[in-house]
Amino acid sequence: MKKKCLFCQIANRETPTEILFENDLLVVFKDIKPAAPLHLLIVPKKHIRSINDLTESDRPILSELLMTAKDMAERQGIAESGYRLFFNVERGGGQLIFHLHLHLIGGW
Ligand code: AMP
Ligand code: ZN
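Residue indices follow the written sequence of each chain, beginning from 1 at its first position. Throughout, the order in which chains and ligands are written sets their labels, letters from A for the former and numbers from 1 for the latter. Given that the model is predicted, a residue must reach a pLDDT of at least 70 before its local features are reported, and side-chain atom pairs must reach 80 or more before they are shown or counted; all residues, however, enter totals for whole chains, interfaces and linings. The side-chain quantities take in all heavy atoms of the structure and omit both hydrogens and water.

(A) Representation of the coordination of the zinc ion (ligand 2). At this site the zinc ion (ligand 2) is bound by Cys 5 (SG), Cys 8 (SG), His 47 (ND1) and His 99 (ND1), with donor distances of 2.0 to 2.3 Å. Note: metal donors comprise N, O and S atoms at 2.8 Å or less from the metal (3.2 Å for Na, K and Ca); water molecules are not included, so apparent gaps in a site are possible. Think of it this way: with four donors and all angles in the 85 to 135 degree range, the site is tetrahedral; with four or six donors, opposite ones beyond 155 degrees and the rest between 65 and 115, it is square planar or octahedral; otherwise it is irregular. If you look at the zinc ion (ligand 2), its 4 donor atoms make angles of 102 to 119° with each other, and the shape they trace is tetrahedral. Spacing between the donor residues of the zinc ion (ligand 2) along their common chain follows C-x2-C-x38-H-x51-H. Of this pair, Cys 5 sits in the segment before helix 1 (6–11) while His 47 sits in the loop between strand 3 (38–44) and helix 2 (59–75), and the two are 42 residues apart along the sequence. We count a stretch as a helix when DSSP gives it H or I for four or more residues in a row; a strand needs E for two or more, and each element gets its number in order from the N terminus.

(B) Structural view of the site of ligand 1. Note on definitions. A residue lies near a molecule or strand when any single heavy atom of the residue is within 4 Å of it. Near ligand 1 there are 15 residues, and of these Asp 31, Gly 94, Leu 96, His 101 and His 103 occur at the shortest range. Under the rule applied, a polar contact is a pair of N or O atoms within 3.5 Å (in protein, one hydrogen donor and one hydrogen acceptor; residues adjacent in sequence only if both atoms are side-chain atoms). One nitrogen or oxygen atom from the side chain of Asp 31 is found 2.5 Å from an oxygen atom belonging to ligand 1. Between ligand 1 and the protein, one listed contact pairs an oxygen atom with a backbone N or O atom of Gly 94 at 2.8 Å. Considering ligand 1 on its own, with 500 Å² of exposed area, one finds that the protein chains cover 83% of that surface. Counting residues per element, the ones that place at least two in the shell around ligand 1 are helix 1 and strand 2 (26–30). Per-class residue counts for the shell around ligand 1 are 7 nonpolar, 5 polar and 3 charged. Here the accessible surface of atoms and residues is derived via Shrake-Rupley with a 1.4 Å probe, and residues count as covered only by protein chains that are part of the display. Charged means Asp, Glu, Lys or Arg here, nonpolar means Ala, Val, Leu, Ile, Met, Phe, Trp, Tyr, Cys or Pro, and polar covers whatever is left, Gly included.

(C) Molecular detail of the pairing of strand 5 (residues 102–106). Only protein chains enter the calculation, and the probe is 1.4 Å; a residue is then buried if its accessible area is under 20% of its type maximum, exposed if over 50%, and partly exposed in between. Taken across its 5 residues, strand 5 has 5 buried, putting it largely inside the fold. Burial of strand 5 is two-sided: the residues Leu 102, Leu 104 and Gly 106 facing one way and the residues His 103 and Ile 105 facing the other way are all buried. Examined bridge by bridge, strand 3 and strand 5 share 5 bridges and lie antiparallel to one another. Bridge assignment links Leu 41 to a residue of strand 5, and that residue is His 103. Pairing between two strands is assigned when DSSP locates at least 2 bridges connecting them.

(D) The arrangement of the sheet that holds strand 3 in detail. The sheet built from 5 strands is open, its strands ordered 1-2-3-5-4 with antiparallel pairing. Edge positions in the sheet fall to strand 1 (19–22) and strand 4 (83–86), since each has one partner strand and no second. With strand direction ignored, the average angle separating the axes of adjacent strands in the sheet is 20°. We call two residues in contact when some of their heavy atoms are within 4.5 Å. A fitted line through C-alpha atoms serves as each axis, taken over the contacting stretch for helices, and the angle formed by two N-to-C directions is quoted from 0 to 180°. The sheet contacts of helix 2 involve strand 1, strand 2, strand 3, strand 4 and strand 5, and relative to strand 3 the element is tilted by about 155°.

(E) Focus on the packing of aromatic side chains. Any two of the Phe, Tyr and Trp rings considered here, Trp counted by its six-membered ring, make a pair once their centres fall within 6.5 Å; the pair's planes then place it as stacked at under 30 degrees, edge-to-face at over 60, or tilted in between. This structure, assessed with the given rule, holds 1 aromatic pair. Relative to Phe 29, the ring of Phe 7 lies with its centre 5.4 Å away and its plane at 80°, an arrangement referred to as edge-to-face. Here Phe 7, found in helix 1, pairs with Phe 29, found in strand 2; they are 22 residues apart in sequence, far enough to count as distant. Owing to a relative accessible area of 4%, Phe 7 belongs among the buried residues under this scheme. Ring-over charges, as used throughout, are those where CZ of Arg or NZ of Lys falls within 6 Å of the ring centre and within 35 degrees of the ring normal. Sitting over the ring of Phe 98, Arg 49 keeps its end group 4.3 Å from the ring centre.

Without other data, these values stay purely geometric and don't point to any function.
Put into structure tokens, the structure is as follows:
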């Protein structure tokens, strides 16, 4: 049997990862190997491989990812100092986990 996707497992709370925020569409948790003082991953509950695989019906998910990033930056107190948001897309773009996720890094 094929092993289940790691981020699907986290979103379904099948692993002990601490979830900082959750709603109907997504979950937010800390990156295990932070690239900045604050490094969050904003992850849709729906399994979508990468930005390349988005369809028209995924527009609400994409919108929610960005609005949640903004809210999380504010909540974590890094909105004023500034932060970066990015998606790695496929291997050439540095993607290692093939379940769509938005990186939020900041807190320098
Ligand atoms: P990407 O290279 O865009 O696919 O990013 C995958 C990210 O997931 C990396 O920054 C990893 O450090 C992070 N990561 C891998 N496993 C876990 C995990 N179990 N919990 C939290 N973050 C993870
Ligand atoms: Zn998945």
